[in-house]
Amino acid sequence: MIQSDKSESIMEIKNYLNKSINFTIRRLFEVFGVFLVVLSLYILISLVSYSPGDPNLIFKDISSVNNLMGKNGSIISDFLFQSFGLMSFLFSLTILFNGFFIFRNKKISFVVESLFYTVLYLSLGSFF
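Conventions we followed
Residues numbered from 1 in each chain as written. Predicted model: local features only at pLDDT ≥ 70, side-chain atom pairs only at ≥ 80, totals over all residues. Heavy atoms only, no water. Helix = DSSP H or I, 4+ residues; strand = E, 2+ residues; numbered from the N terminus. Rg over C-alpha atoms; globule rule 2.2 N^0.38 Å. Buried < 20%, exposed > 50% of the residue type's maximum accessible area, 1.4 Å probe, protein only. Areas by Shrake-Rupley, 256 points an atom, 1.4 Å probe, with all protein chains shown as cover. Lys, Arg positive; Asp, Glu negative; His and termini not counted. Charge placed at Lys NZ, Arg CZ, Asp CG, Glu CD. Core = buried A, V, L, I, M, F, W, Y, C linked by side-chain atoms within 4.5 Å. Contact = heavy atoms within 4.5 Å. Phe/Tyr/Trp six-rings, centres within 6.5 Å; stacked < 30°, edge-to-face > 60°. Lys NZ or Arg CZ within 6 Å of the ring centre and 35° of its normal. Expected span 1.5 Å × (residues − 1).

(A) Molecular detail of the overall build of the chain. Broken down by element type, the chain carries four helices and zero strands. Overall, the chain shows an N-to-C arrangement of helices and strands of α-α-α-α. Over its C-alpha trace the chain gives a radius of gyration of 22 Å, far above what one expects of a compact globule, namely 14 Å for 128 residues. Expressed along its principal axes, the backbone C-alpha trace of the chain runs to roughly 80 × 35 × 20 Å. Evaluated residue by residue, the chain yields a buried proportion of 27% over its 128 residues. Only carbon and sulfur atoms are counted for the fraction: they give 70% of the accessible area of the chain, which is about 9,100 Å². Here the chain contributes 10 positively and 8 negatively charged side chains, and the mean placements of these two sets differ by 5 Å.

Pasting the structure below:
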């Protein structure tokens, strides 16, 4: 009788721990998804408000910044445009949709697959 009470209490503790771990993992996926959405919106706004006269990686001492995201947005958008060209917009939208997908479905396997295809289309799109 005493043995069964101990095993039931241990099972309850394990069940409680499993539920709390699953809850924590789901919230972390949601936070990561929201982070990706905010990051992609930041990148997208900095790309849309890009101006060639803004500070960039080479000329950092320009005093006037026309980019809506400030000096950092100007540097990020300049780097992305010089690296990938107009594919940078598609890259930002890919991050946005990945963030929505992670927030909604909470599957990390999609992110790994999407990362592979993102690198593939950025490479091929920049090449052509």
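What follows picks up the thread again.
(B) The arrangement of the nonpolar core in detail. Ranked by size, the top nonpolar core spans nine residues in total: F29, L36, I43, L47, L80, F81, I95, I102 and V111. No other element matches helix 1 (residues 2–48), which puts four residues into this core. Excluding its chain neighbours within four sequence positions, the residues that come into contact with F81 are L47, Y50, L86, S88 and F89.

(C) Fine view of the packing of aromatic side chains. One pass over the full model with this rule turns up four aromatic pairs. Among the aromatic residues, those joined into a cluster by ring pairs are Y50, F81 and F89. The aromatic ring of F103 is capped on one face by K106, whose charged end is 5.9 Å from the ring centroid.

(D) Geometry of helix 3 (residues 87–105). Here helix 3 contains 19 residues, and its C-alpha end-to-end distance of 26 Å stays within 8% of the 27 Å for a straight helix at 1.5 Å per residue. Buried within helix 3 we find M87, S88, S92, T94, I95, L96, N98, G99 and I102. Immediately beyond the C-terminal end of helix 3, within one or two residues, lies K106, with a positive phi of roughly 55°.

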